[in-house]
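One letter stands for each residue in the lines below.
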Amino acid sequence: KKDKSSKPEPPTSHFFHLKYGTDQRKIFNADTTTILLLDKIRELCTKDIINENGSENTLQNVDIATMEGSCVMLHEEATENAKAKIEPRGEYLLVSYEVDGENNKTFTCLWTPPEPAEGEEPLKIPNIVAGGAAAGKKKGKK
C-alpha cells in the first residue's frame, strides 16, 4: 500500500533573471552548458545594448555577476552545466570583461538601473570582481 501523504518533490526550476541594458531583463534557463548559455545571452542581450548606445561595440566577452558584484565566471567552464553555478530563480547582472597582456580581467556591468521615483534612493551598480564557483551558488547546495 502506497503512502499518499508523501508526494514526490517537484523538479527544481533552473530559470534565472538577467538584468542588462537600461533597466531591461530577460529570463534564461541555466540547465545547459555554460558556453551555450553565454552564446544565447550574447545573442539576445548585447544587440539591445548596442542599439541603445548607437555604437557597434563588440561584446564578445560576456559573463554574469551576482547583484552584489561577484562575477560567476561562467566563461572559464565552457562545458560545465551552468546550473551548477547559478542560483535557481536568482537575479544576475550582465557583465563584459577585457583581458590585458598579463591575463588580468577588468569587468564592466552592462546594466543601468531605472531612474528612482521622487524621494527614493537611486539603485547602485556594484563594482564587479572575479568570483568563481562560490559566486553564484551558495555552499552546500547542488
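Procedures and definitions
Residues numbered from 1 in each chain as written. Predicted model: local features only at pLDDT ≥ 70, side-chain atom pairs only at ≥ 80, totals over all residues. Heavy atoms only, no water. Helix = DSSP H or I, 4+ residues; strand = E, 2+ residues; numbered from the N terminus. Polar contact = N/O pair within 3.5 Å; in protein donor to acceptor, adjacent residues only side chain to side chain. Contact = heavy atoms within 4.5 Å. Phe/Tyr/Trp six-rings, centres within 6.5 Å; stacked < 30°, edge-to-face > 60°. Buried < 20%, exposed > 50% of the residue type's maximum accessible area, 1.4 Å probe, protein only. Core = buried A, V, L, I, M, F, W, Y, C linked by side-chain atoms within 4.5 Å. Salt bridge = Lys/Arg side-chain N within 4 Å of Asp/Glu carboxyl O.

A few points about the side chain of Ser13
Point 1. Secondary-structure assignment places Ser13 in the segment before strand 1 (15-22).
Point 2. At 3.4 Å, the side chain of Ser13 and the backbone nitrogen of Phe15 are in polar contact.
Point 3. Beyond its immediate stretch of four places on either side in the chain, Ser13 contacts Pro88 and Arg89.

Things to note about the packing of aromatic side chains
Point 1. Evaluation of the coordinates by the stated rule reveals three aromatic pairs.
Point 2. Between Phe16 and Tyr92, the aromatic rings sit 5.6 Å apart at their centres with planes inclined by 90°, giving edge-to-face as the arrangement. Residue Phe16 is located in strand 1, and its partner Tyr92 is located in strand 5 (residues 91-99); the two are separated by 76 residues in the primary sequence. Neither Phe16 nor Tyr92 differs from the other in exposure class; each is buried.
Point 3. Consider the rings of Tyr97 and Phe107, whose centres lie 6.1 Å apart with planes at 50°: the pair is tilted. In this pair, Tyr97 is assigned in strand 5 and Phe107 in strand 6 (residues 105-109), connecting sequence segments ten residues apart.
Point 4. By relative accessible area, which is 12% here, Tyr97 ends up buried.
Point 5. Residue classification places Phe107 among the buried positions, given a relative accessible area of 12%.
Point 6. Joined through ring pairs, the aromatic side chains of Phe16, Phe28 and Tyr92 make up one cluster.

Topic: the side chain of Arg42
Point 1. The residue Arg42 is located in helix 1 (residues 34-53) in this model.
Point 2. Judged by relative accessible area, which is 18%, Arg42 ranks as buried.
Point 3. Ignoring sequence-local partners within four residues, the contact set of Arg42 consists of Lys47, Leu59, Gln60 and Val62.

Regarding the nonpolar core
Point 1. Core analysis: the largest hydrophobic core is formed by 20 residues, its most contacted members being Phe16, Leu18, Ile41, Ile64, Ile86 and Leu94.
Point 2. Elements supplying a minimum of two residues to this core: strand 1, helix 1, strand 3 (62-66) and strand 5.
Point 3. Residue contributions to this core peak at five residues, all from helix 1.
Point 4. Excluding its chain neighbours within four sequence positions, the residues that come into contact with Leu94 are Leu18, Lys19, Tyr20, Ile41, Cys45, Ile49, Val62, Asp63, Thr108, Cys109, Leu110 and Trp111.
Point 5. Ranked by size, the runner-up nonpolar core spans ten residues in total, among them Met73, Val95, Trp111 and Ile128.

Here we look at the pattern of salt bridges
Point 1. Using the criterion set out here, one finds six salt bridges in the structure.
Point 2. For Glu91, the salt bridge goes to Arg25, with nearest N and O atoms at 2.9 Å. With Glu91 in strand 5 and Arg25 in strand 2 (residues 24-29), this residue pair connects regions lying 66 residues apart in the sequence.
Point 3. With relative accessibility at 32%, the residue Glu91 sits in the partly exposed group.
Point 4. The exposure class of Arg25 is partly exposed, given its relative accessible area of 42%.
Point 5. The salt bridge involving Arg42 is made with Asp39; its shortest N-O contact spans 2.8 Å. Linking Arg42 with Asp39, this pair stays in helix 1, spanning three residues, or about one helical turn.

None of this, on its own, says anything about what the molecule does.
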